[in-house]
Amino acid sequence: MLASLNIHHLRNLTESKLGPLSLHNVVYGVNGSGKTSLLEAAHILGTARSFRSGGAKSLITHGEASYVIRGERRLPGGGSVSMGVQREKVGGISLRVAGEASRSVAQLADELPLLLINADSFDLLIGEPANRRRFMDWGVFHVEHDLREHRQRFQRALTQRNHLLRRGKLERSELEVWTRDLAVHAEQVSAGRERFLDTLRAVFEPIIQELAPEIGPVDLAYRRGWDANSSYKDALHKSLASDQEQGFTQTGPQRADIRVTVGGYSAAETLSRGQQKLLVCALKLAQGQMLAGERGEVLYLIDDLPSELDAERCERVCRALAAMRVQTLITCVSRSAIPIEWLGSDTSVTMFHVKQGEVDLVSPEVDNGKTA
Ligand SMILES: Nc1ncnc2c1ncn2[C@@H]1O[C@H](COP(=O)(O)OP(=O)(O)OP(=O)(O)O)[C@@H](O)[C@H]1O
């Protein structure tokens, strides 16, 4: 569990401490006060990158030369691990884990597994299929580590095959070699995605029922990217002439998708914005449940949880998070937007008030909900 976060010169957070952190942490403050920047700091600590667009250097407080983010992770069995990320305007990024310099972002991710829910998360439902493929591949690689190699070899074979298809004069034997390789690894990648989706469905269904029973059953159908009745090898054989004409491989896992429907209709085109948010939250909570099952720990960064949700539905999300026993860092504009009893007992929830980059620990008893 992340125990504390110290931030130096990240956006308007010139010298800020967020801590001590509990299982659930609510940060509130007016627009532009620095709430998202606090989530961003936690995200950088676990991934070495921001979730917002823009150059990495634009995160450094204007006029300063570098930012530094330090965090302390409390270990389940006692003891703690320190983590740190520093970015220089001139120079680059340096990472530290347990007092040692590290070159591996994966080491940060291992120490602090994170999941983010923010306005961009809607892309999972309404965005391009690539967003849903990334979601599937995240799951595949967390659950089945050896599929990484199949994925890399699939990508390499696809690149090579497309390269040959683009060339006017076709080298048949070379094309056949890459097509054979492509077919083998594509089937593996696709089968892995299908298994992930089967596992996810079982976790997702009770969560969506709890968060949004009124929208009815939600179907997550896997579209593997080629004719469901043929092997990929046969599909490639059938589409060879047309692939040659187009100059690229038109079918395969690079076209896979998850079709999300409600009562047979596209969820993206049918659901209201609030319902879409509940559906996206259910997918992310299912993802977290799978990750927590495997890793034992996960930290949810949730930007402006109450936006788009009415009080009752916001409460449902909070109660689902509380039931999962995952750590949360949730932002909202007003103190009263998330009554802490939705998340659990007073002892497992800490509130912070951020004002122009300054973070204050708020005692709920003293504050009594009056500081909005
Ligand atoms: N490099 C920078 N140096 C200094 N200040 C910056 C820099 N980048 C952004 N800011 C400022 O930091 C502040 C914090 O922005 P942030 O997005 O964290 O606010 P927020 O509390 O999440 O707001 P909202 O509720 O509007 O989403 C803003 O006032 C922004 O103008």
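It should be emphasised that the depicted structure is a prediction, and the values quoted were computed from it without experimental measurement. (Residues numbered from 1 in each chain as written. Predicted model: local features only at pLDDT ≥ 70, side-chain atom pairs only at ≥ 80, totals over all residues. Heavy atoms only, no water.)

1. Looking at the overall build of the protein chain
Point 1. Along the protein chain, the regular secondary structure elements total twelve helices and 15 strands.
Point 2. In terms of overall size, the protein chain behaves like a compact globule, its C-alpha atoms giving a radius of gyration of 23 Å where 372 residues would be expected to give roughly 21 Å.
Point 3. For the protein chain, the spread of C-alpha atoms along the principal axes amounts to about 75 × 55 × 40 Å.
Point 4. The proportion of buried residues among the 372 residues of the protein chain is 53%.
Point 5. If you take every contact in the protein chain between residues at least 6 apart in sequence, the share linking residues at least 24 apart comes to 69%.
Point 6. Only carbon and sulfur atoms are counted for the fraction: they give 49% of the accessible area of the protein chain, which is about 17,400 Å².
Point 7. On the protein chain, the mean spot of the 46 positive side-chain charges and the mean spot of the 46 negative ones are 5 Å from each other. (Helix = DSSP H or I, 4+ residues; strand = E, 2+ residues; numbered from the N terminus. Rg over C-alpha atoms; globule rule 2.2 N^0.38 Å. Buried < 20%, exposed > 50% of the residue type's maximum accessible area, 1.4 Å probe, protein only. Contact = heavy atoms within 4.5 Å. Areas by Shrake-Rupley, 256 points an atom, 1.4 Å probe, with all protein chains shown as cover. Lys, Arg positive; Asp, Glu negative; His and termini not counted. Charge placed at Lys NZ, Arg CZ, Asp CG, Glu CD.)

2. Description of the site of the ligand
Point 1. Near the ligand you find 15 residues, and of these Gly 32, Lys 35, Thr 36, Ser 37 and Arg 52 are the closest.
Point 2. The separation between an oxygen atom of the ligand and a polar side-chain atom of Asn 31 is 2.9 Å.
Point 3. Arg 52 is positioned with one of its side-chain polar atoms (N or O) 2.8 Å from an oxygen atom of the ligand.
Point 4. Residue classes in the shell around the ligand are distributed as two nonpolar, ten polar and three charged. (Near = heavy atom within 4 Å. Polar contact = N/O pair within 3.5 Å; in protein donor to acceptor, adjacent residues only side chain to side chain. Nonpolar A, V, L, I, M, F, W, Y, C, P; charged D, E, K, R; others polar.)

3. Looking at the pairing of strand β12 (residues 299-302)
Point 1. Burial along β12 is two-sided: Leu 299 and Leu 301 and Tyr 300 and Ile 302, pointing in opposite directions, are all buried.
Point 2. Pairing of β12 with strand β13 (residues 327-332) involves four bridges; the strand directions are parallel. Paired with Leu 299 across the two strands is Gln 327, which belongs to β13.
Point 3. Remark: the β12/helix α11 (residues 311-324)/β13 crossover connection has right-handed handedness. (Pairing = 2+ DSSP bridges. Right-handed = clockwise from strand over helix to strand, strands pointing away.)

4. A word on the packing of aromatic side chains
Point 1. All told, the structure shown has two aromatic pairs when counted by the stated rule.
Point 2. Taking the centre distance of 6.0 Å and the plane angle of 70° together, the rings of Phe 135 and Phe 196 count as edge-to-face. Residue Phe 135 is found in helix α4 (residues 129-143), and its partner Phe 196 is found in helix α6 (residues 172-211); the two are separated by 61 residues along the sequence. Accessibility assignment for this pair places Phe 135 and Phe 196 in one class, buried. (Phe/Tyr/Trp six-rings, centres within 6.5 Å; stacked < 30°, edge-to-face > 60°.)

5. Remarks on the sheet that holds strand β1 (residues 2-10)
Pairing between the strands of a sheet comes from backbone hydrogen bonds, and it takes one of two forms, parallel or antiparallel.
Point 1. Read across the sheet, six strands follow the order β2-β1-β4-β5-β6-β7 without closing on themselves; strand pairing throughout is antiparallel. Edge positions in the open sheet fall to β2 (13-18) and β7 (100-102), since each of these has one partner strand only. Each neighbouring strand pair of the sheet contributes to a mean axis angle of 15°, computed without reference to strand direction.
Point 2. Summarising the sheet, β1 and strand β4 (residues 66-74) pair through six bridges and their orientation is antiparallel. Across the sheet, the residue bridging to Ile 7 is Ile 69, located in β4.
Point 3. Lying over the sheet, helix α1 (residues 35-47) contacts β1, β2, β4 and β5 (80-88), oriented at roughly 110° with respect to β1. (Axes fitted to C-alpha atoms, helices over the stretch in contact; angles between N-to-C directions.)

6. A word on the UniProt feature "binding site: ATP" (unreviewed entry) in the protein chain
Point 1. Per the UniProt record, "binding site: ATP" (unreviewed entry) is found at Gly 29, Val 30, Asn 31, Gly 32, Ser 33, Gly 34, Lys 35 and Thr 36.
Point 2. On the accessibility criterion, Asn 31 (68% relative accessible area) is exposed.
Point 3. When its relative accessible area of 1% is taken as the criterion, Ser 33 is described as buried.
Point 4. In this structure, Ser 33 is in contact with Asn 12, Val 354, Lys 355, Gln 356 and Gly 357, ignoring residues within four places of it in sequence. (UniProt positions renumbered as here; feature names shortened; annotations may be inferred.)

7. A look at the side chain of Arg 224
Point 1. Here Arg 224 is to be found in the loop between β9 (218-223) and α7 (232-238).
Point 2. One buried charged residue, Arg 224, forms no salt bridge at all, with the nearest opposite charge on Glu 187 at 4.4 Å.
Point 3. From its side chain, Arg 224 meets the backbone oxygen of Asp 227 in a polar contact 2.8 Å long.
Point 4. Here the side chain of Arg 224 touches Ala 228 through a polar contact of 3.2 Å, landing on its backbone oxygen.
Point 5. Filtering out sequence-adjacent residues up to four positions away, Arg 224 remains in contact with Glu 187, Ser 190, Asn 229, Ser 230, Gly 252, Pro 253 and Ala 256. (Salt bridge = Lys/Arg side-chain N within 4 Å of Asp/Glu carboxyl O.)

8. Thoughts on the nonpolar core
Point 1. Judged by nonpolar contacts, the single largest core of 63 residues is most densely connected at Tyr 300 and Ile 338.
Point 2. Residue contributions to this core peak at eleven residues, all from helix α10 (residues 273-295).
Point 3. With near-sequence residues (within four places) excluded, Ile 338 lies in contact with Val 26, Leu 305, Pro 306, Cys 314, Cys 318, Ile 330, Cys 332 and Leu 343. (Core = buried A, V, L, I, M, F, W, Y, C linked by side-chain atoms within 4.5 Å.)

9. Quick notes on the environment of Asp 304
Point 1. Summarising the element assignment, Asp 304 is placed in the loop between β12 and α11.
Point 2. A C-alpha to C-alpha distance of 4.5 Å links Asp 304 and Cys 332, two positions 28 residues apart in sequence.
Point 3. Apart from the residues within four sequence positions on either side, Asp 304 is in contact with Lys 277, Thr 331, Cys 332 and Val 333.

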